[in-house]
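# Overview (structure and organization)
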Amino acid sequence: MATGVIRYWAAAKEAAGVPEESFDAVTLAELMTQITQDRESLGQIVKRSSFLVDGHPVGKRAHEEVFLGDGVTVEVLPPFAGG
């Protein structure tokens, strides 16, 4: 099990109620399940969000295939408005 920090930006930060928090998870999918448990509004936001793992975009990779290493930083980037 990897330990790390997840950082929330914009609407995700508001829905989470914190700017960041620690986690223990093996994959990005497992982490998403953990952070959205009992947080319905955050769950809706992460469905539309993109993610960075140690600064690298996850892109369209399946979250079950994104393995998290120890000390990793995951960032949740909801869609931003503007042009």
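Residues numbered from 1 in each chain as written. Predicted model: local features only at pLDDT ≥ 70, side-chain atom pairs only at ≥ 80, totals over all residues. Heavy atoms only, no water.

## Some points on the sheet that holds strand S5 (residues 72-77)
With mixed pairing, the 5 strands of this open sheet are ordered in space as S2-S1-S5-S3-S4. The open sheet terminates on both sides in strands that have one partner only, identified here as strand S2 (20-25) and strand S4 (56-57). Pairing analysis gives 4 bridges linking strand S3 (residues 50-53) to S5, with the strands arranged antiparallel. The residue of S5 that forms the bridge with leucine 52 is glutamate 75. (Pairing = 2+ DSSP bridges. Helix = DSSP H or I, 4+ residues; strand = E, 2+ residues; numbered from the N terminus.)

## Quick notes on helix H3 (residues 40-48)
Within the span of H3, buried status applies to Leu42, Gly43, Ile45 and Val46. With its buried residues spanning 165° around the axis, H3 presents them on a single face. The exposed residues of H3 that point more than 90 degrees off its buried face are Glu40, Lys47 and Arg48. (Buried < 20%, exposed > 50% of the residue type's maximum accessible area, 1.4 Å probe, protein only. Arc of directions from axis to C-beta.)

So yeah, pure geometry; function would need other evidence.
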